[in-house]
Amino acid sequence: MSGTVTTVSSNGEYSFTKPNRESITLLAGLGVEGDIHAGVTVKHRSRIAQDPTQPNLRQVHLIHAELFDEVARAGFEVAPGDLGENITTVGIDLLALPVGTLLRLGDEAVVEVTGLRNPCIQIEAFRQGLLKQVVGRDADGEVVRKAGIMSVVRTGGVVRPGDPIGVQLPAGPHRRLERV
């Protein structure tokens, strides 16, 4: 299993969207250099309010570009960086990866998948009705979150659009992704 980085994004201030960049630098144990969500402990406002000493399991946010095609069919225009992700990918079913999967991004960087992004009401403020497109329920009534995955940086490095993505699954048994 492999894929490609299509876009990289970061933002040094709190904002729902993140501007696209020519490259981003991942820092081991921290996240994206210069990004507001980089750090050892949580940086998301709601999580800081709960417990600011929690480990940051959301250092790097990845979204599959295929999601943009899916929501476009429902009438929503969404572009890379619009949903606050750092890395947009193509060719990998990110949502199907188990916890602990290692993703090699380009020549050096490696992130470890920690869980699913939990879509929040800010998505609704960005595009009214979009939240129902990225979170819903399956036929069994289980919640389905489609707004990407979260990860932590294990090995730093520069990541650019066009970089290959290698996938290394953890030893089994595999644990399915849950929200983090």
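Residues numbered from 1 in each chain as written. Predicted model: local features only at pLDDT ≥ 70, side-chain atom pairs only at ≥ 80, totals over all residues. Heavy atoms only, no water.

## Notes on the nonpolar core
For soluble globular proteins, the rule of thumb is that nonpolar side chains tend to be buried together. Formally: Note on terminology: a nonpolar core comprises buried Ala, Val, Leu, Ile, Met, Phe, Trp, Tyr and Cys residues joined through side-chain atoms within 4.5 Å. Exposed residues in this analysis have more than 50% of their type's maximum accessible area, buried residues have under 20%, and partly exposed residues fall in between, with area computed by a 1.4 Å probe over protein chains only. Segments assigned H or I by DSSP are reported as helices when at least four residues long, segments assigned E as strands when at least two residues long, and all are numbered from the N terminus. The criterion used for residue contact is that any of the two residues' heavy atoms lie within 4.5 Å.
Counting 23 residues, the largest nonpolar core has L26, V60, I87, L103, L105, I149 and V159 as its most contacted members. Breaking this core down by element, the ones donating at least two residues are β1 (2-9), β3 (24-27), β5 (60-64), β7 (102-105), β8 (109-116) and β11 (149-155). At 4 residues, the largest contribution of residues to this core is made by β8. Those residues within four positions of V159 in sequence are excluded, and the remaining contacts are V5, V8, S23, I24, L26, I87, L105 and A109. In terms of nonpolar packing, the next biggest core, distinct from the first, is built from 14 residues, A65, V71, F76 and L130 among them.

## What about helix α2 (residues 66-73)?
Rules: Directions drawn from the helix axis to the C-beta atoms are what define this arc.
Every buried residue belonging to α2 is among L67, F68 and V71, and all of these are buried. All buried residues of α2 project into a common sector of 100° when viewed along the axis, lining one side. Looking at the buried residues of α2, the elements they touch are β5, β6 (87-90) and α4 (131-134). Note on α2: the residue one or two positions beyond its end, G75, has a positive phi of about 95°.

## Brief notes about the pattern of salt bridges
Selection rule: When a carboxyl oxygen of Asp or Glu is within 4 Å of a side-chain nitrogen of Lys or Arg, the pair counts as a salt bridge.
Inspection of the entire model under this criterion finds 3 salt bridges. Its salt-bridge partner being E112, residue R154 comes within 2.6 Å of it at the nearest N-O pair. With R154 in strand β11 and E112 in strand β8, this residue pair connects regions lying 42 residues apart in the sequence.

## As for the pairing of β6
Quick note on the threshold: A pair of strands is labelled paired if DSSP reports no fewer than 2 bridges between them. Crossover handedness is defined by viewing with both strands directed away from the observer: a clockwise path from the first strand over the helix to the second marks the crossover as right-handed.
Direction of pairing for β1 relative to β6: antiparallel, over a ladder of 4 bridges. When the bridges of β6 are listed, T7 appears paired with T88. Two elements, β5 and β6, share 3 bridges in a ladder whose sense is parallel. Bridged to I63 within β6 is T88. With α2 bridging β5 and its parallel neighbour β6, the resulting β-α-β unit is right-handed.

Everything listed here is a matter of geometry and, on its own, says nothing about what the molecule does.
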